[in-house]
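These are the residues of each chain, in order.
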Amino acid sequence: MQFGILSTAHIADDAVVPAIRQTDHEVRAVASRTADAAAAFADRHDIPESYDSYDALLEADVDAVYVPLPNGLHAEWTKRAADAGLHVLCEKPLAADAEEAVDVAEHCADAGVTLMEAFMYRYHPRTVRAVEVAREELGDLRHVHAEFSFQLGDGPDVRLDPDLAGGALMDVGCYPVNAVRTFLGEPALVSGHTHDSRDAGVDTDVAASLEFDDGATATIEASFETPHHQTYRVEGTDGWLEADTAFNPGGAATTLRWGTDEKTVEETFDPVDAYVREVEHFAASVAADRDPLTDGEEAVANMRVIDAIYESSATGETIPL
């Protein structure tokens, strides 16, 4: 598969393009808002073609595009890539809200292209194993807590731009939302609180609680202001599990700890590039003409919870889904 990269964003530069180069697939082209930026990126990664506009890249000889643009631009350029007949691996979150996500997913389906939201942690072997342990060892799941926080710098940042769908919930909070849904399914009731500590027009801190039809509960935290911490813990009637560096372990070895009344287990996983696994899953889904694990429908469901957290914070009410 030949990839085009829509933007020279850090995640493309540091993670996804190097990951593609570790697979059997290739990066053929990159585009930026300036010719110099695109050319410099292409030189760093030995990419044959560079363009000074995203439109030009959509006309290149590529099979798929990776979209790491700011959140508020994901929907527009995913749809434009689909119109060009290109499959799309789009960074999370897929869109600015659930209504827009529905539009994007339907647009890609109508165009007959594969759409995948880039929640790379879902493709890490530890996550796969955690889901298996939760299903087979922990009995009825009763509570999940998930958190992703880090301290954002003081300079200008697109993650603080309300016009680009910034905010802690959209940037890192979407991971805990996804993790809770992965283990417990779709919530029935959502309540949340957000805080804008920088007067930026977006949330810098968020906390939410979710209730499920079977009585299970979940709590979610995300922040741009507290030290780096990413974790989830699952509690069941027969046991528990927990993972640290849960969403972006990088190239380090990882562990999954879980236990029941009879035993406590610590499973260790060799270093794995989750971005490589993500790219391979995307390409295999395209080749097999099947929906990927984190497809458009999944993206819509995640955005519905995010929307409900924002609505609850704005109204002070618990939001039914």
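This text gives an overview of the structure that appears in the document. These numbers were taken from a predicted model, which means no experiment stands behind them. (Residues numbered from 1 in each chain as written. Predicted model: local features only at pLDDT ≥ 70, side-chain atom pairs only at ≥ 80, totals over all residues. Heavy atoms only, no water.)

1. Overview of a negative patch on the surface
Now for step 1: On the surface, Asp-140, Asp-238, Asp-261 and Glu-262 cluster together into a negatively charged patch.
Now for step 2: Structurally, the position occupied by Glu-262 is in the loop between β13 (254–260) and β14 (264–269). (Patch = residues over 30% accessible without salt bridge, like charges linked within 9 Å, V, L, I, M, F, W, Y side chains within 5 Å. Areas by Shrake-Rupley, 256 points an atom, 1.4 Å probe, with all protein chains shown as cover. Salt bridge = Lys/Arg side-chain N within 4 Å of Asp/Glu carboxyl O. Lys, Arg positive; Asp, Glu negative; His and termini not counted. Charge placed at Lys NZ, Arg CZ, Asp CG, Glu CD. Helix = DSSP H or I, 4+ residues; strand = E, 2+ residues; numbered from the N terminus.)

2. What about the environment of Pro-68?
Now for step 1: With respect to the secondary-structure elements, Pro-68 resides in the loop between β4 (64–67) and α4 (74–83).
Now for step 2: What makes Pro-68 buried here is its relative accessible area of 8%.
Now for step 3: A C-alpha to C-alpha distance of 7.9 Å links Pro-68 and Ile-5, two positions 63 residues apart in sequence. (Buried < 20%, exposed > 50% of the residue type's maximum accessible area, 1.4 Å probe, protein only.)

3. Some thoughts on the sheet that holds β14
Now for step 1: Taken together, nine strands build an open sheet; the order of strands is β14-β13-β12-β11-β7-β10-β9-β8-β15 and the sheet is mixed. Among the strands making up the open sheet, the edge pair consists of β14 and β15 (319–320).
Now for step 2: Sitting on the sheet, helix α6 (residues 125–137) touches β7 (141–149), β11 (229–236), β12 (239–244), β13 and β14, and the angle it makes with β13 is about 5 degrees. (Pairing = 2+ DSSP bridges. Contact = heavy atoms within 4.5 Å. Axes fitted to C-alpha atoms, helices over the stretch in contact; angles between N-to-C directions.)

4. Considerations on helix α2 (residues 35–45)
Note that an α-helix has 3.6 residues per turn; residues three or four places apart therefore point the same way.
Now for step 1: Considered for burial, the residues of α2 that qualify are Ala-38, Phe-41, Ala-42 and His-45. Viewed along the axis of α2, the buried residues span an arc of 100 degrees, placing them on a single side of the element. Within α2, the exposed residues directed more than 90 degrees away from the buried face are Asp-36 and Asp-43.
Now for step 2: Those residues of α2 hidden inside the fold are in contact with α1 (10–21), β2 (26–31) and β3 (49–51).
Now for step 3: A positive phi of about 55 degrees marks Asp-46, the residue just after α2. (Arc of directions from axis to C-beta.)

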